[in-house]
Every structure is written in C-alpha cells, then in structure tokens.
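Now for the letters of each chain:
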Amino acid sequence: MTTSSGEHGRGEPRIPTIDLEPWLSGDPAARAAVARTVDRALRTAGFLLVTGHGVDPSLRTRIRAAARAFFVLPASAKEPYAAKVGGRGWLGPGAEANGYAEGTETPPDLKESLTFATERPFDDPAVNAEWYEPNVWPPEASGLRALCSAYLARMEKLTDQLLTLLGEALGERPDFFTRHMSHPTYGFNINWYPGTEVVGEPRPGQFRIGPHTDFGTVTVLDRQAGKGGLQVFTDEGGWQDAPYDPDAFTVNIGDLMARWTGDRWRSGRHRVLPPPADAPAEELMSLVYFGECTPGTLVESVPAPVGRVAYEPVDSHTYLRAKLDSITLG
C-alpha cells in the first residue's frame, strides 16, 4: 500500500493511493491494512486512487483516439446517434447539468459524451424495457466497439475486486456487495471536454461537469490531468484539485453506496472545472465506468454501530432512475 505523494500537499485532499497487489496476494495482514485505509478514506473524501489493477494503459489510449475521431465531427454527423441521459449513444452539448442532482442550478455542462451499458439483455421484459437497449457504435469511431468490449471486461473484473475489498473494509463478508452484481446495469461514459473554441466562453457558474455526487455504487475513472480538471470537495479543505497519478484509476463511491453503509462512507462530491482562461484550448477526455447492482436489489442501510443513519430501504434502480431524471435538460 502506498500513499500519493501529494496526499498532504497544499491544495490537495487527503486521498490515499491503494495498491491492489497486496490486497490480491491473500496475505491476511496486508489485506487488513488495505481494508483499514479504504475505510478511513471513504469516511472522509469518498475517493481513492487505485494502482496494481493490471489494466493496459495502451488500451485506454486507443479508446481515446477512436472516440476523438467521432467527437471532432460536425454536430450534423453526430446527431443521428443522439440519446437521452441514461440512454446509449451521443450526448451532445446542453444535454445535462449534473449540478441539478444536488439542487444546484447551473448552466449546461460543457462536455459531450458517448454512453454505453451492458450488452446482456435481462430476462424480465419490464426490466429490459427500462434498462436495456442495444449499444450504439458509430462507424466513424473505427474500432471502438472491440476496444470498449476489452476495457469493459476489465472494468467488471476490477469492480468485483473493489467491491470485495469494500465488503471487508465495512466489516462484512466479502460477498456483501458482489452477490448483488450478477447482472449489473453498469454504465460507461466517454466524456469529451473540448476547449473554448468548441464550447465557447464559460458562463458564470458553468463547468465541464457541475458539482454533484455520483448516484450508484462505485465509479472507476480513468482521467487526464489538466488545469480544467477534477476537483474534490472535503469538509476540511473545500474544493481542491484531485491528486493525479497516470498509472492509477480514481475511484469513488456514489449515493447508493453511502446509503447502503448508513452514511459511514460518504459519496464523493466533485466537479470538473471549465476550460481555464490561461489555457482555453485545453482538451481532456475521461473514461468513466459506473458499477451498478442487478435491477431489483433492495438496498438497506447496515445497522449501527457501523452505520450512522438508518435509511428506508430502496429499490436500487427506482433510486437511480430518479437521479438520472434530475439532471436531464429538455
């Protein structure tokens, strides 16, 4: 287990770097130490950096290159793939404002996205109708389907490893979370954050992604460093630049997981800054994997003394749908 060099630096939140290799080695002392560190981090910022995951960095590079070939096309070429928030396809400019999820009125987010989800349909027609449709793979993004299929297989495996770790960090059995992930409705967004030559000058209170917490269980983010990049909110320091390690994934928990733990762990509040005034042409791209439950999962808060708040049980996907609807514009 290591700690990011900037963990205690000025302007950076206290977010540890977790090396998964000692956790996966099976050594009881090493596993216990990792679990304790994870518990502490999720009780404060709700974020971790994770190394030792074994995901090929060149795969991420190739996904970005294929997706960018699509994003730089004129809007008229992308419009046939337009989708609504929570759907599959292209989310164009003005499609969503994430700040609305927490009641913050902001202008639309300054981004575009390609969004995908599970390739496996469900047995229940009602679940299929709401949570499954075929993914849209624009031919203009040559090779993207094969690249994403390989990446998503790695993300499913990594998410299961992380959720096993989270189960033990919570003091529960290792399959406490993973037993509810047999057929998840995971989501995958490729977020493109172009410069002002594409999005225009940011309006007051406008962000690449407005301040919010994620909605579901766990998010695995592969991001790029930039002046207009990710910021994390903590009670101690307010908004601070998130620490960055090109070899690490940034991992945070969402509202459903916080609720599941009875608010022992906090849903990590974050935002992505607009293109910076001193680097207006800055362009970033993030790969965002949202690990979710199997539809119909009943989420009940763990009891005290582990949990702090006893929430009413909720259906995981009724909860998620309400959150998705809250950020949809138009």
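Calculation criteria
Residues numbered from 1 in each chain as written. Predicted model: local features only at pLDDT ≥ 70, side-chain atom pairs only at ≥ 80, totals over all residues. Heavy atoms only, no water. Core = buried A, V, L, I, M, F, W, Y, C linked by side-chain atoms within 4.5 Å. Buried < 20%, exposed > 50% of the residue type's maximum accessible area, 1.4 Å probe, protein only. Helix = DSSP H or I, 4+ residues; strand = E, 2+ residues; numbered from the N terminus. Contact = heavy atoms within 4.5 Å. Axes fitted to C-alpha atoms, helices over the stretch in contact; angles between N-to-C directions. Left-handed = near helix turned anticlockwise from the far one by under 90°. Pairing = 2+ DSSP bridges. 1 Å grid on protein atoms, 1.4 Å probe; cavity = no way out; pocket = protein on both sides within 12 Å on 5 of 7 lines; lining within 4 Å. Points joined across faces, edges and corners; volume = space filled by probe spheres on them. Nonpolar A, V, L, I, M, F, W, Y, C, P; charged D, E, K, R; others polar. Salt bridge = Lys/Arg side-chain N within 4 Å of Asp/Glu carboxyl O. Phe/Tyr/Trp six-rings, centres within 6.5 Å; stacked < 30°, edge-to-face > 60°. Polar contact = N/O pair within 3.5 Å; in protein donor to acceptor, adjacent residues only side chain to side chain.

Undergrad: Tell me about the nonpolar core, residues and numbers included.
TA: Soluble, globular proteins show a tendency: their nonpolar side chains are buried together. Formed by 60 residues in total, the largest nonpolar core has its most connected members in Leu144 and Ile190. Here the element with the most residues in this core is helix 6 (residues 144-169); it accounts for twelve residues. Excluding anything up to four places from it in sequence, Leu144 contacts Ile63, Ala66, Ala67, Leu114, Phe116, Trp137 and Ile190. Ile15, Phe47, Leu230 and Val288 belong to the second-largest nonpolar core, a separate cluster that totals 14 residues.

Undergrad: Can you break down the packing of helix 3 (residues 57-71) against helix 6 residue by residue, with the values?
TA: As a packed pair, helix 3 and helix 6 sit with axes 9 Å apart at the nearest point and diverge in direction by 145°. The two elements helix 3 and helix 6 meet at a crossing, and its hand is left-handed. Residue-level inspection shows Leu59, Arg60, Arg62, Ile63, Ala66 and Ala67 of helix 3 in contact with helix 6, the latter providing Leu144, Leu147, Cys148, Ala150 and Tyr151.

Undergrad: Lay out the sheet that holds strand 11 (residues 269-272) in plain terms, naming residues and giving numbers.
TA: Here we have four strands laid out as an open sheet, ordered 6-11-8-9, and antiparallel in their pairing. Two strands lie at the open edges of the sheet, namely strand 6 (209-213) and strand 9 (238-241), each paired on one side alone. Each strand axis lies, on average, 25° off the axis of its neighbour in the sheet, ignoring direction. Relative to strand 11, strand 8 (residues 230-234) runs antiparallel, the two sharing three bridges. Within strand 11, the residue paired with Leu230 across the bridge is Val272.

Undergrad: Explain empty space enclosed by the protein to me, and be specific about the residues and the numbers.
TA: Scanning all chains against the criterion turns up four cavities of 30 Å³ or more. Within this model, the largest cavity holds a volume of roughly 40 Å³. If you go around the largest cavity, the residues you meet are Leu221, Asp222, Arg223, Tyr244, Asp245, Pro246, Ala248 and Thr250. Taken together, the residues that form the lining of the largest cavity break down as four nonpolar, one polar and three charged.

Undergrad: I'd like to hear about the sheet that holds strand 4 (residues 112-117), residue by residue, with values.
TA: Read from one edge of the open sheet, eight strands run 1-2-10-7-12-5-4-3, paired in mixed fashion. Here the strands that pair on one side only, and so sit at the sheet edges, are strand 1 (17-19) and strand 3 (89-91). Geometrically, the sheet is characterised by an average inter-axis angle of 25° between neighbouring strands, direction not taken into account. Strand contacts of helix 2 (residues 28-44): strand 1, strand 2 (47-51) and strand 10 (249-253), with the helix running at about 145° to strand 2, the strand carrying the most contacts. Running at roughly 110° to strand 12 (residues 284-291), helix 3 makes contact with strand 3, strand 4, strand 5 (187-193), strand 7 (218-222), strand 10 and strand 12 of the sheet.

Undergrad: Would you mind going over the environment of Pro276 in detail, with residue names and values included?
TA: Relative to the assigned elements, Pro276 resides in the loop between strand 11 and strand 12. Along the sequence, Pro276 and Thr196 sit 80 residues apart, while their C-alpha atoms lie 8.9 Å from each other. For Pro276, the contacting residues outside a window of four places in its chain are Lys227, Gly228 and Glu282.

Undergrad: Please give an account of unusual backbone geometry that cites residues and values.
TA: Each neighbour pair has its own omega, and for Ala304 with Pro305 the value is 10°, a cis peptide bond. With phi around 65°, Asp263 is a residue other than glycine that occupies positive phi space. Position of Asp263 relative to the elements: it lies in the loop between helix 8 (255-260) and strand 11. Since its relative accessible area comes to 29%, Asp263 is described here as partly exposed.

Undergrad: Any details on the pattern of salt bridges? Residues and values, ideally.
TA: Under the definition given, this model contains 15 salt bridges. With a closest N to O distance of 3.1 Å, Lys323 and Asp255 form a salt bridge. Here Lys323 is found in helix 9 (residues 316-326), whereas its partner Asp255 is found in helix 8, with 68 residues between them in sequence. For the pair Lys323 and Asp255, one class covers both residues: buried.

Undergrad: Outline the packing of aromatic side chains, listing residues and values.
TA: Aromatic ring pairs are described here by two measures, namely the spacing of the ring centres and the angle between the planes. Evaluated as defined, the whole model comprises eleven aromatic pairs. Judged by centre distance (5.7 Å) and plane angle (70°), the rings of Phe70 and Tyr81 are edge-to-face. Within this pair, whereas Phe70 is found in helix 3, its partner Tyr81 is found in the loop between helix 4 (75-78) and strand 3, the two being separated by eleven residues in sequence. You can call Phe70 buried: its relative accessible area is 0%.

Undergrad: Please set out the environment of Glu102 residue by residue, giving values where relevant.
TA: Along the chain, Glu102 turns up in the loop between strand 3 and strand 4. For the pair Glu102 and Ser326, spaced 224 residues apart in sequence, the C-alpha separation works out to 8.9 Å. In this structure, Glu102 is in contact with Pro211, His212 and Arg269, ignoring residues within four places of it in sequence. A polar contact of 2.9 Å, which involves the side chain of Glu102, links it to the side chain of Thr104. Only 2.8 Å separates the side chain of Glu102 from the side chain of Arg269, close enough to count as a polar contact.

By themselves, these figures tell us nothing about what the structure is for.
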